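In case you want the letters, here they are:
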Amino acid sequence: GAEVSLVLNLDAANYSAMSVDGTIVAGTGLYTITTLNPGGSMSWDPANGGIFRKTTPADTDFLTFGPDYSATSQPYTVMMVYRSQPSTAGRLLNANSVAPDWLLGLWGSPSYVQDVFFNGNFVGSNSPADNDWQFIWATYNGNPGTPLSQCYVANSTIPTTTSGTEPTTGGFENLRLFGRYSNATTSSEVPTADVGLVKVWNDVLTLSQIQTQWLTYKTRFGY
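Structure report, in brief. Going along each chain's sequence as written, the residues are numbered from 1 onward. Given that this is a predicted model, residues contribute local features only at a pLDDT of at least 70 and side-chain atom pairs are listed and counted only at 80 or more, while totals for whole chains, interfaces and linings are drawn from all residues. Derived side-chain values reflect all non-hydrogen atoms in the structure, with water molecules and hydrogen atoms excluded from consideration.

## Focus on the packing of aromatic side chains
Inference 1: Here the aromatic set is Phe, Tyr and Trp, taking the six-membered ring for Trp, and pairing holds for ring centres within 6.5 Å; pairs whose planes are under 30 degrees apart are stacked, those over 60 apart are edge-to-face, and all others are tilted. Summed over the entire model, instances satisfying the criterion amount to twelve aromatic pairs.
Inference 2: Aromatic side chains Tyr15 and Phe52 sit 5.2 Å apart centroid to centroid with 75 degrees between the ring planes, which places their arrangement in the edge-to-face category. Placement of Tyr15 in the loop between β1 (6-11) and β2 (24-26) and of Phe52 in strand β5 (residues 51-54) is noted, with a sequence separation of 37 residues between them. Residue Tyr15 shares its accessibility class with Phe52, and that shared class is buried.
Inference 3: Seen in terms of ring centroids, Tyr76 and Phe172 are 5.2 Å apart; in terms of plane orientation they differ by 65 degrees. Their pairing is edge-to-face. Remark: Phe172 occurs in strand β15 (residues 172-177) and Tyr76 occurs in strand β7 (residues 76-84); sequence separation between them is 96 residues. Both residues of the pair, Tyr76 and Phe172, belong to the buried class.
Inference 4: An aromatic cluster of three or more residues is present, and its members are Tyr69, Tyr76, Trp102, Phe117, Tyr140 and Phe172.
Inference 5: The criterion for a charge sitting over a ring is simple: Lys NZ or Arg CZ within 6 Å of the ring centre, and within 35 degrees of the ring normal. The cationic tip of Arg176 hangs over the ring face of Phe62; the distance from NZ or CZ to the ring centre is 3.8 Å. Under the DSSP-based scheme used, a helix requires at least four consecutive residues in state H or I and a strand at least two consecutive residues in state E, with every element numbered from the N terminus. Each residue's exposure class comes from its accessible area (1.4 Å probe, protein chains only) as a fraction of the maximum for that residue type: buried when under 20%, exposed when over 50%, partly exposed otherwise.

## A look at the side chain of Asn94
Inference 1: Assignment of secondary structure puts Asn94 in strand β8 (residues 93-95).
Inference 2: Under this definition, polar contacts are N or O atom pairs within 3.5 Å; protein pairs additionally need one hydrogen-donor-capable and one acceptor-capable atom, and for neighbouring residues in sequence, both atoms have to be side-chain atoms. A distance of 2.9 Å separates a polar side-chain atom of Asn94 from the backbone oxygen of Gly179.
Inference 3: Aside from chain neighbours lying at most four places away, what touches Asn94 is Trp102, Leu103, Asn174, Leu175, Arg176, Gly179 and Arg180. Here a residue-residue contact requires only that any non-hydrogen atoms of the pair lie within 4.5 Å.

## A few points about the environment of Val7
Inference 1: Tracing the backbone shows Val7 in strand β1.
Inference 2: Look at Val7 and you get buried, because its relative accessible area is 11%.
Inference 3: C-alpha of Val7 to C-alpha of Thr168: the two residues are 161 residues apart in sequence and 23 Å apart in space.

Below, the structure is given as structure tokens:
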């Protein structure tokens, strides 16, 4: 098959400030990154080489970006480095559309949990949100006949196996960070959280490639 390509790299280390409300900046792979921040609840912080921080659950403030991977024949890997921040639970990384429903990272129903991947069904297991930096990878093989979705999670220890696999079929129509799609200017289920980076590839990364990503970034996030 074709070589796996990184199609989006939204890394706060490449910024020195939060982009201004209403601006659109170019992202890796020519996917634009749109900033909606009229409430000013998103900011950039130099911690950990650069992070995006959302400190209050303003439902008007979020980032949108990335490809339309809603076709069931599109394989992908999505990686995020993130941590919960007290005390507002919600959905961290989501599809920028009502359907298909897609979720990665944090979720708040009924309690605040991390390590979540949902693409039609939940893939893997979650754990209570603990305010520590988390690594998560979500993969889907793009074969609707024999679908395979996998989730990998890590913090201070290199990932050696999945946190779960499911025969689920599902992708996302672009991505929204810091809330679930309600409409073009408003989110629901808004969390408070820090995010270091979001990366998207156009195929499934192997365990070895996922381990390489962890090794690349672990020191930056204190591990």
